[in-house]
Amino acid sequence: MLTNRDIADRFEKIAVMLEIKGEIIHRVLSYRRAGESIRELPRDLRAIAAEGGLTDLPNIGDTLAAKITELLETGKLEFYERLSAEIPPGLVDIVAINGVGPKKARLFWKELGIVTIEGLEAAARAGKLRDLEKMGEKSEKKIIEAIEALSRRTGRTPLGKALPAAQAILQRLLAVPGALEGAIGGSIRRGRPTIGDVDILIASDHAAPIMDALVSMENVARVLGHGPTKSSVELLSGLQVDVRVLEKARWGTALCYFTGSQAHNVRLRNLALKRGFSLNEHAFSPVDENGSIVEDAPKTLCATEEEVYALLGLPFIPPELREDAGEIEAAQASKLPALITMNDLRGDLHMHTTWSDGTLSVREMAEAAYARGREYIVITDHSRSLGIGNGLSIERLLEQQEEVRRVDAEMKGRIRVFHGTEMDMNADGSLDYPDEVLEKLDFVVASLHVSLRQDRTTITRRVLNALQNPHVDLIGHPTAQYIPDREPADLDMDAIFEAAKVSGTALEINSNPRRLDLEAPYARRAVEMGIPIAIDSDAHAPEQMDLLPYGILTARRGWVEARSVINTWPVEQFMAWTRARGR
Ligand code: DGT
Ligand code: CA
Ligand code: CA
Ligand code: ZN
């Protein structure tokens, strides 16, 4: 399903393509401005479209509204498909190079047939650009430098983009006749927050049709390699996808190998060597005392990963743990954690409604959460100082409480609905509501949203203040990172963990794939210190409740068990916990 950001990206891409085409600036700007407006929207376009409100948005007239509707309904845009046939979409990436505008991109394309950054770089290094109109050795050198800078800047793709793209491709490939089994491997399977490239495995005896299906997908920008059992493509999004086809009899060794991590694989190979085998993606092969593979000796194939680990004397190790971060030792000692799963989640303690910047009412969010199997939720709209989030004054907060109580009564026997807040930890270190207001609430989340670039002492003190307040139950998205655009705030995490341990305040794993905050290593440390965790959706719209699996994946990478997570607890236990915290 396309998000506001996807549609904004698309319109901005169209603007650049029109510019390369040489369209009048008025038309170019209409797409660019529309893209910018959509990117800034505080609400889901889908909801606005459902209300018929698209043309009320800034910079959106009838024509663009129709295009948004087409994108929302079909996921595609006829106009864009036609334009792509005329203007290679890879040129848009070239325009992103510092110092290369649409005119230059057009020049390189028309004169030298260059349609990708790599093509441009090769031409520049070969000295082919300098003789073009208005170019020279100096500008050629500048382009090489700018390309190098660009490749340092980009690189990894957020999990939230890579995983849905990988799933869509996997489904396409599994639909090819002869495909028996398929999986996403690599860093996606391990749940890393950002992804270098996508690795997909398919078990089949007929690789060719699967390879052909991959390279002929319409969202392929370039084919990087097209072999008999192994191919790589670059998608229009820039994401690289590696696909390998193998026999089902070797599925276990192959999936294990291509899941990684490389460090984990090295450990497994060493364990295999100790047992007299060389282990690779194909099989366990007997080795002699020098470690050389014994030719003609029978190899052992593994159809499942369980068999691979069993041959190494280990229980199955969940992919999220495979980072050589103690999982091998834990497995050897039968001390692997019983990792949390989606089924363990009962509550969701952080979400927004139309009272602040959400898209649905309290009742609608409760229904949406109930439909997804939640047993209890906390409504946590923004607090008064957060202007951009339409934060609630004390009066509106108390008014909202009446509505929450009413909805809770209406939903009786189906889901419990509690009243809370996502309160700002203000730039001056104060909390955004006084204690006498906080004590009226069932649950208090405190979050950093503003002045995120304060120095370490100042910004850490804001969080420590919140941790010292007995009314604060949870620190929301503690580091305030935003993947990939914003680094975590410069916090003294040691001090924060120590303070949370003393106060017993929970720390959040925010499931939004743009946040994934806390990340796994911090979550693991919190659990080791006995600090409670909450895994929340922070939903501003109902479909964002479906992002919880990203939080679960992150928790699993952090060795988190259900018992450490307060919203896996039955509602009575959760209530007893918050009450014991001074309510
Ligand atoms: P990424 O793509 O940077 O997010 O990270 P990965 O882990 O997906 O890495 P990738 O795509 O290069 O390779 C996928 C898996 O294949 C990797 O996790 C382990 C395995 N693999 C690839 N190359 C090697 C290698 O040279 N040695 C070993 N032991 N394993 C490898
Ligand atoms: Ca990968
Ligand atoms: Ca790869
Ligand atoms: Zn929130």
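Notes on the structure in this doc start here.

Basis of the calculations
- Residues numbered from 1 in each chain as written.
- Chains lettered and ligands numbered in written order.
- Predicted model: local features only at pLDDT ≥ 70, side-chain atom pairs only at ≥ 80, totals over all residues.
- Heavy atoms only, no water.
- Helix = DSSP H or I, 4+ residues; strand = E, 2+ residues; numbered from the N terminus.
- Contact = heavy atoms within 4.5 Å.
- Areas by Shrake-Rupley, 256 points an atom, 1.4 Å probe, with all protein chains shown as cover.
- Lys, Arg positive; Asp, Glu negative; His and termini not counted.
- Charge placed at Lys NZ, Arg CZ, Asp CG, Glu CD.
- Donors = N, O, S within 2.8 Å, 3.2 Å for Na, K, Ca; no water.
- Buried < 20%, exposed > 50% of the residue type's maximum accessible area, 1.4 Å probe, protein only.
- Polar contact = N/O pair within 3.5 Å; in protein donor to acceptor, adjacent residues only side chain to side chain.
- Pairing = 2+ DSSP bridges.
- Axes fitted to C-alpha atoms, helices over the stretch in contact; angles between N-to-C directions.
- Core = buried A, V, L, I, M, F, W, Y, C linked by side-chain atoms within 4.5 Å.
- Near = heavy atom within 4 Å.
- Nonpolar A, V, L, I, M, F, W, Y, C, P; charged D, E, K, R; others polar.
- Domains from an automatic or database assignment.
- Arc of directions from axis to C-beta.
- Phe/Tyr/Trp six-rings, centres within 6.5 Å; stacked < 30°, edge-to-face > 60°.
- Lys NZ or Arg CZ within 6 Å of the ring centre and 35° of its normal.

## Remarks on the overall build of the chain
Part 1 of the reasoning: Across its full length, the chain holds 24 helices and 16 strands.
Part 2 of the reasoning: When its C-alpha atoms are laid out on the principal axes, the chain stretches across 70 × 70 × 45 Å.
Part 3 of the reasoning: Pairs at least 24 residues apart make up 67% of the contacts formed inside the chain by residues separated by at least 6 positions.
Part 4 of the reasoning: Accessible surface, the chain: about 25600 Å² in total, of which carbon and sulfur atoms supply 50%.
Part 5 of the reasoning: One way to put it: in the chain the 72 positive side-chain charges average out to a point 3 Å from where the 87 negative ones average out.

## Things to note about the coordination of the calcium ion (ligand 3)
Part 1 of the reasoning: Each protein donor to the calcium ion (ligand 3) is listed here as Asp 197 (OD), Asp 197 (OD), Asp 199 (OD) and Asp 242 (OD); together their distances run 2.3 to 2.6 Å.
Part 2 of the reasoning: Counting along the primary sequence, the residues that act as donors to the calcium ion (ligand 3) give the motif D-x1-D-x42-D.
Part 3 of the reasoning: A separation of 3.7 Å is found between the calcium ion (ligand 3) and the calcium ion (ligand 2), which share Asp 197 as a coordinating residue. Here Asp 242 lies in strand β7 (residues 240-246) and Asp 197 lies in the loop between β3 (194-195) and β4 (198-204), a separation of 45 residues in the sequence.
Part 4 of the reasoning: Accessibility expressed as a relative area gives 21% for Asp 197, which makes it partly exposed.

## Some thoughts on the side chain of Ser 261
Part 1 of the reasoning: Take Ser 261: it is sitting in the loop between α13 (251-259) and α14 (262-274).
Part 2 of the reasoning: Given the relative accessible area of 7%, Ser 261 is considered buried.
Part 3 of the reasoning: One polar contact links the side chain of Ser 261 to the main-chain carbonyl oxygen of Arg 322, over a distance of 3.0 Å.
Part 4 of the reasoning: Contacts of Ser 261, omitting those with residues within four sequence positions, involve Arg 190, Arg 322 and Glu 323.

## Comments concerning the sheet that holds strand β6 (residues 230-235)
Part 1 of the reasoning: Pairing in this open sheet of 5 strands is mixed, and the strands run β2-β4-β7-β6-β5 from one edge to the other. In this open sheet, the two edge strands, each paired with only one partner strand, are β2 (179-184) and β5 (220-226). Taken pair by pair, the neighbouring strands of this sheet meet at an average axis angle of 20 degrees, ignoring direction.
Part 2 of the reasoning: Note that β4 and β7 share 6 bridges and pair parallel.

## Points about the nonpolar core
Part 1 of the reasoning: Core analysis: the largest hydrophobic core is formed by 61 residues, its most contacted members being Val 417, Ile 475 and Ile 535.
Part 2 of the reasoning: Counting residues per element, this core draws most heavily on helix α17 (residues 362-371), at 5 residues.
Part 3 of the reasoning: The contact partners of Val 417, leaving out residues within four places of it in the chain, are Val 362, Ala 366, Ile 377, Ile 379, Val 404, Val 407, Asp 408 and Met 411.
Part 4 of the reasoning: Judged by nonpolar contacts, the second largest core, of 52 residues, contains Met 17, Val 28, Leu 54 and Leu 132.

## Some words on the site of ligand 1
Part 1 of the reasoning: Contacts to ligand 1 come from 16 residues, most closely from Arg 156, Ser 187, Arg 190, Gly 196 and Asp 197.
Part 2 of the reasoning: The backbone of Gly 196 places a nitrogen or oxygen atom 2.7 Å from an oxygen atom of ligand 1.
Part 3 of the reasoning: A distance of 2.8 Å is found between an oxygen atom of ligand 1 and a side-chain nitrogen or oxygen belonging to Asp 197.
Part 4 of the reasoning: Within the complex, the protein chains bury 72% of what would otherwise be the 590 Å² of accessible surface of ligand 1.
Part 5 of the reasoning: Elements that contribute at least two residues to the shell around ligand 1 include exactly α11 (186-190), α13 and α14.
Part 6 of the reasoning: Classifying every residue of the shell around ligand 1 gives 3 nonpolar, 8 polar and 5 charged.
Part 7 of the reasoning: Lining the shell around ligand 1 are residues from two domains, each supplying at least three of them: domain 2 (157-246) and domain 3 (252-332).

## Considering helix α12 (residues 207-215)
Part 1 of the reasoning: Turning to α12, its buried residues number three or more, namely Ala 207, Ile 210, Met 211, Leu 214 and Val 215. Across the axial projection of α12, the buried residues extend over an arc of 130 degrees, all falling on one side.
Part 2 of the reasoning: Structurally, α12 contributes buried residues whose contacts are with α10 (159-174), β2, β4, β5, β6 and β7.

## Some details on the environment of Ala 539
Part 1 of the reasoning: Tracing the backbone through its elements, the reader meets Ala 539 in the loop between β16 (533-536) and α23 (548-557).
Part 2 of the reasoning: Residue class for Ala 539 comes out buried when judged on its relative accessible area of 0%.
Part 3 of the reasoning: Residues Ala 539 and His 350, 189 residues apart in the sequence, show an inter-C-alpha distance of 7.2 Å.
Part 4 of the reasoning: Ignoring sequence-local partners within four residues, the contact set of Ala 539 consists of His 350, Met 351, His 352, Met 365, Gln 544 and Met 545.

## Description of the packing of aromatic side chains
Part 1 of the reasoning: The full count for this structure, using the stated rule, is 11 aromatic pairs.
Part 2 of the reasoning: Between Phe 277 and Phe 284 the ring centres are 5.8 Å apart and the planes differ by 85 degrees, which places this aromatic pair in the edge-to-face class.
Part 3 of the reasoning: According to the relative accessible area criterion, Phe 284 is buried, its value standing at 2%.
Part 4 of the reasoning: Centroid distance Trp 569 to Trp 577: 6.2 Å. Interplanar angle 75 degrees. Geometry classified as edge-to-face. Taken individually, Trp 569 and Trp 577 each receive the classification buried, so the pair is uniform in this respect.
Part 5 of the reasoning: Put simply, the rings of Tyr 376, Phe 418, Phe 443 and Phe 574 pair up and form one aromatic cluster.
Part 6 of the reasoning: The ring of Trp 109 has Lys 110 lying over it, and the distance from NZ or CZ to the ring centre is 4.3 Å.
Part 7 of the reasoning: A cation over an aromatic ring shows up here: Arg 581 above the ring of Trp 577, its NZ or CZ 5.4 Å from the ring centre.

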